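Residue strings, one per chain:
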Amino acid sequence: MNNKTILVTSPLLPDLDEFNQLLHEIWDSKWVTNNGTFHKQLEQALCEYLKVPYISIFTNGTLPLITALQALRVTGEVITTPYSFVATTHALWWNGIRPVFTDIDPATGGLDPERIEEAITPRTTAIMPVHVYGKPCRTAEIQAIADKYGLKVIYDAAHAFGVEVNGESVLKEGDLSTLSFHATKVYNTLEGGALVMHDEKMKQRIDRLKNFGFAGETEVVAPGINSKMDEVRAAYGLLNLRQVDAAIEARHQVAVSYRAALRDVEGITFWDDMPGVRHNYSYFPIFIDADRYGMTRDELYFKMREQGILGRRYFYPLISEFSTYRGLPSAHPDNLPQATRMANSVICLPMHHELTEADINRIIQAIVK
Ligand SMILES: *Cc1c(COP(=O)(O)O)cnc(C)c1O
């Protein structure tokens, strides 16, 4: 038996010779950061690829979240999901904002619009949903609530690179959307991220905020941070953009294989593609009903590990379970029944562009008894 460890993901890497060529260009120019040629080219190329009007690229995917809240001057309380990577809520904390957790819709994994209104108080200024696993939230309903109460909407779209609904980028939803280009994501620049915005004025504001607040050589208009992307990673990102479609298609085929093999397994559920949505297959979560499957989620998780198959329990524990946030009234599990149930039943199966048929069969064998 082949015992090679199968990791949950594998970074999409550009061709090393091509990358070297671009490195030569950077070395020759001696322009290594601060809105250089590759930085500009990557922003342009991403706008075209993602079909969005404006984008500002960042040094990672967490600073865009923090900067989005700054740019929209969000304060007080923000309604958000506990079912995400911890950076979503940390961004609120770094702005001195109180997170208010509301429950998720089990059909999308994102915030349940029907639970949002009851969480609004006079201090609420924004909603921060997550398109978890790249599955679009119920954006129209969320926007209707935001409009009714005059709230901003910032989407953590770290998982939603390239996701479209009826031919439109999901990144155009809300006031701002954030992306992560971390090595573990569908599209990566090693570390990196971005903010997607609707107009040039907001782009200018955000470009300043990511560069200490500088507006020209001698003027500083806001207490900005330094979160610029350098030329090396922008060049890397340009090369990776050329192969991301092929990587997404390879992931799609992995999803097709998983679904075919697991559809009739008692006690295992998963999502199918949503009609009209271009998915990016960033993750393949399965949910285990212990009674029907005959094994708990953790028993299956550790059994897979013993066989060298490293799934991940994304997103367990819930963000609301971490010590920083556990004391908040909204963090109580009674307030978050669906999120709690999902967190306790999920395993994300290995999902990346290099999984072989043999890998996939080994993973399926471990699950199908
Ligand atoms: C990866 C991720 C982030 C943070 O991105 P980094 O690039 O790692 O800083 C934020 N939110 C979600 C949902 C993520 O998965």
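All of these numbers come straight from a predicted model, not from anything done at the bench.

Chemist: So what exactly am I meant to see when it comes to the pairing of strand β13 (residues 346-349) here?
Modeler: If a strand is regular, its side chains alternate between the two faces of the sheet. Every second residue of β13 is oriented toward a common face, with Val346 and Cys348 on one face and Ile347 and Leu349 on the other, all of them buried. Bridging between strand β12 (residues 284-288) and β13 involves four bridges; their strand directions are antiparallel. Paired with Pro285 across the bridge in β13 is Cys348.

Chemist: Before we go on, may I ask you to explain the environment of Ile360 in this structure?
Modeler: Note on placement: Ile360 falls in helix α11 (residues 357-367). For the pair Ile360 and Ser257, spaced 103 residues apart in sequence, the C-alpha to C-alpha distance is 7.7 Å. Not counting chain neighbours up to four residues away, the residues in contact with Ile360 comprise Val254, Ser257, Tyr258 and Leu355.

Chemist: Would you explain the sheet that holds β12 in this entry?
Modeler: Two modes of strand pairing occur in sheets, parallel and antiparallel, and in both the strands are linked by backbone hydrogen bonds. One open sheet holds the three strands; their spatial order is β10-β12-β13, and the pairing between them is antiparallel. Each edge of the open sheet carries a strand with a single partner, namely β10 (268-269) and β13. Most of the contacts of helix α9 (residues 297-306) go to β13, to which it runs at about 25 degrees, and overall it touches β10, β12 and β13.

Chemist: Would you explain the packing of helix α7 (residues 231-262) against α11 in this entry?
Modeler: How two helices pack is summed up by the angle between their axes together with the distance between the axes. At a minimum axis separation of 11 Å, α7 and α11 run at an interaxial angle of 30 degrees. Between α7 and α11, the interaxial angle falls into the category roughly parallel. The two elements α7 and α11 meet at a crossing, and its hand is right-handed. In this structure, α7 uses Val254, Ser257, Tyr258, Ala261 and Leu262 to contact α11, whose residues at the interface are Ile360, Ile363, Ile364 and Ile367. When grouped by side-chain class, the residues that make up the contact of α7 with α11 number eight nonpolar, one polar and no charged.

Chemist: Got a minute to help me understand the packing of aromatic side chains in this structure?
Modeler: What characterises a pair of aromatic rings is the spacing of the ring centres plus the angle enclosed by the ring planes. Applying the stated criterion across every chain, the model contains 19 aromatic pairs. Ring geometry for Phe212 and Phe214: centres 6.2 Å apart, planes at 80 degrees, overall edge-to-face. Given a relative accessible area of 36%, Phe212 falls into the partly exposed group. On the basis of relative accessibility, which here comes to 33%, the residue Phe214 falls in the partly exposed class. Grouping aromatic residues by their ring pairs yields a cluster made of Tyr83, Tyr133, Trp271, Tyr283, Phe287, Tyr314 and Phe315. Sitting over the face of the ring of Phe58, Lys210 holds its NZ or CZ atom 5.5 Å from the ring centroid.

Chemist: Would you take a moment to explain the sheet that holds strand β4 (residues 124-128) for this structure?
Modeler: Spatially, seven strands are ordered β1-β9-β8-β5-β4-β2-β3 in an open sheet, and the strand pairing comes out mixed. Of all the strands in the sheet, just β1 (54-58) and β3 (98-101) have a single pairing partner and so form its edges. Each strand of the sheet is rotated relative to its neighbour by a mean of 25 degrees, with strand direction disregarded. Relative to β4, strand β2 (residues 77-80) is paired through four bridges, and the arrangement is parallel. Looking at β4, one finds that Thr80 is bridged to Met128. This element, helix α5 (residues 139-149), spans β4 and β5 (152-156) of the sheet and lies at about 150 degrees to β5.

Parameters and conventions
Residues numbered from 1 in each chain as written. Predicted model: local features only at pLDDT ≥ 70, side-chain atom pairs only at ≥ 80, totals over all residues. Heavy atoms only, no water. Buried < 20%, exposed > 50% of the residue type's maximum accessible area, 1.4 Å probe, protein only. Helix = DSSP H or I, 4+ residues; strand = E, 2+ residues; numbered from the N terminus. Pairing = 2+ DSSP bridges. Contact = heavy atoms within 4.5 Å. Axes fitted to C-alpha atoms, helices over the stretch in contact; angles between N-to-C directions. Parallel < 35°, antiparallel > 145°, perpendicular 65-115°, else oblique. Left-handed = near helix turned anticlockwise from the far one by under 90°. Nonpolar A, V, L, I, M, F, W, Y, C, P; charged D, E, K, R; others polar. Phe/Tyr/Trp six-rings, centres within 6.5 Å; stacked < 30°, edge-to-face > 60°. Lys NZ or Arg CZ within 6 Å of the ring centre and 35° of its normal.

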